[in-house]
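A closer look at the structure
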Amino acid sequence: NVTHVMSQRDKAYLCALNSAIDVSIISNGVDQSLFEIPDLTYGKTDVLFLGQLVDDNLHFLEQFLANSWPLIRRGFPEAKLHVVGRAGKESSRLCVQAERCGGVVMRGYVEKLADAYSDCGIAIVPITKTCGILNKAIEAMAAGLVAIGVENSFSGIPHAKSGVHYISARDYQNMGKSIVEIIGDMNKRCSIQKEAHRMARKYYLWDERLDAYEQMYHLAARGKLEKS
């Protein structure tokens, strides 16, 4: 009786197929532990990539290492990239590439999200996603990191604005240049870190989603009764 989606774009797509579909938009929230660590991430410049090292994640990270990371290392030779995520069988080539690039720390699987984010101040989310919400993007903001990706990485986060809560890059070259700029500009970096955390706390607490879920189920039950 009710279809649950993550974003306005999802709703628009379904309603274009069938205007009679009753759609409720409730996006994911963020693990409470991430809201508690901005004091640890504030001002930091280490870069984080978080995700299982398979399929699209693996491809995006390989492209970042080939096209973005060299620019960053030229600007800041001491820059570090923390790669956090369970490695798949196909990720052995990435490990060789990472060692050749320099400055890449392969951390493997980390059980607690807060531990994954707490050592870094910048998170890359170079993932094109035209539906739903990219959890990595909103998690990075909640933890007080500067999230840097492509425009579609943030399409499911309507309250966030580029240059205020995150940085949107046109391509991998531009992503590298944007990271060089944000590492070198402490005021801008700290401003985005603070504003991103504030926005995420205001709109993406899991506790606030409980009421929305309850209302959705109430609506579905009422619709079922009305039709029976």
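The following refers to the structure shown. Model, not experiment: these values are computed from the prediction.

1. Some points on the overall build of the protein
Helices and strands together make up the secondary structure of the protein, namely 10 helices and 8 strands. Structurally, the protein occupies a C-alpha span of about 65 × 35 × 30 Å along its principal axes. With the model as given, the accessible surface of the protein reaches about 11700 Å², and the carbon-plus-sulfur share is 50%. The protein carries 27 positive and 26 negative side-chain charges, and their two centres are separated by 4 Å.

2. A closer look at the pattern of salt bridges
Scanning the entire structure with this criterion turns up 4 salt bridges. Note that Glu-62 and Arg-93 form a salt bridge whose closest N and O atoms lie 3.0 Å from each other. Here Arg-93 lies in helix α5 (residues 92-101) and Glu-62 lies in helix α3 (residues 55-67), a separation of 31 residues in the sequence. Given a relative accessible area of 10%, Glu-62 falls into the buried group. A salt bridge links Arg-107 to Asp-119, with the shortest nitrogen-to-oxygen separation between them at 3.7 Å. Note that Arg-107 is positioned in strand β5 (residues 104-108) and Asp-119 in the loop between α6 (113-117) and β6 (122-125), a separation of 12 residues in sequence.

3. Overview of the sheet that holds strand β4 (residues 81-84)
Across the sheet, 6 strands lie side by side as β5-β4-β3-β6-β7-β8; this open sheet has parallel pairing. The open sheet has two edge strands, β5 and β8 (167-168), and neither has a second partner. In this sheet, β4 lies alongside strand β3 (residues 47-50) in parallel orientation, the contact comprising 4 bridges. In the sheet register, Val-47 faces β4, and the bridge partner there is Leu-81.

4. Considering the environment of Ser-91
Tracing the backbone shows Ser-91 in the loop between β4 and α5. Sequence spacing of Ser-91 and Glu-62 is 29 residues, and the spatial spacing of their C-alpha atoms is 9.7 Å. Setting aside chain neighbours within four positions, we find Ser-91 in contact with Leu-53 and Leu-58.

5. So, the pairing of β3
Here β3 shows a buried face lined by Val-47 and Phe-49 and a second buried face lined by Leu-48 and Leu-50. Note: β3 against β6, 2 bridges, orientation parallel. Looking across to β6, one finds that Val-47 is bridged to Ile-122.

6. A short note on a negative patch on the surface
On the surface, Asp-207, Glu-208, Asp-211 and Glu-214 cluster together into a negatively charged patch. Within the fold, Asp-207 resides in helix α10 (residues 206-227).

7. With respect to the packing of aromatic side chains
Going through the model one piece at a time under the given rule, you end up with 2 aromatic pairs. On the numbers, 6.3 Å between centres and 40 degrees between planes, the contact of Phe-64 with Trp-69 is tilted. This pair shows no difference in class: Phe-64 is buried, exactly as Trp-69 is. Above the plane of the ring of Tyr-109 lies Arg-86, whose end atom (NZ or CZ) is 4.2 Å from the centre.

8. Some remarks on unusual backbone geometry
It is generally the case that most residues other than glycine have a negative phi and that most peptide bonds are trans. Backbone geometry places Asp-55, a non-glycine residue, at a positive phi of 50 degrees. As for its placement among the helices and strands, Asp-55 is situated in helix α3. On the accessibility criterion, Asp-55 (59% relative accessible area) is exposed.

9. Description of the environment of Gln-173
Position of Gln-173 relative to the elements: it lies in helix α8 (residues 172-184). A residue is classified by how much of its surface remains accessible, and Gln-173, at 37% relative accessible area, is partly exposed. As for Gln-173 and Leu-71, which are separated by 102 residues in sequence, their C-alpha atoms are 7.8 Å apart.

10. Structural notes on the state of the cysteines
The final tally for this structure, using the stated rule, is 0 disulfides. We note that Cys-95 lacks a disulfide partner, and the nearest cysteine sulfur, in Cys-101, lies 12 Å from it. On the basis of relative accessibility, which here comes to 36%, the residue Cys-95 falls in the partly exposed class. Unpaired in terms of disulfides, Cys-120 finds its nearest cysteine sulfur in Cys-190, a separation of 15 Å.

Rules behind the numbers
Residues numbered from 1 in each chain as written. Predicted model: local features only at pLDDT ≥ 70, side-chain atom pairs only at ≥ 80, totals over all residues. Heavy atoms only, no water. Helix = DSSP H or I, 4+ residues; strand = E, 2+ residues; numbered from the N terminus. Areas by Shrake-Rupley, 256 points an atom, 1.4 Å probe, with all protein chains shown as cover. Lys, Arg positive; Asp, Glu negative; His and termini not counted. Charge placed at Lys NZ, Arg CZ, Asp CG, Glu CD. Salt bridge = Lys/Arg side-chain N within 4 Å of Asp/Glu carboxyl O. Buried < 20%, exposed > 50% of the residue type's maximum accessible area, 1.4 Å probe, protein only. Pairing = 2+ DSSP bridges. Contact = heavy atoms within 4.5 Å. Patch = residues over 30% accessible without salt bridge, like charges linked within 9 Å, V, L, I, M, F, W, Y side chains within 5 Å. Phe/Tyr/Trp six-rings, centres within 6.5 Å; stacked < 30°, edge-to-face > 60°. Lys NZ or Arg CZ within 6 Å of the ring centre and 35° of its normal. Disulfide = S-S within 2.5 Å.

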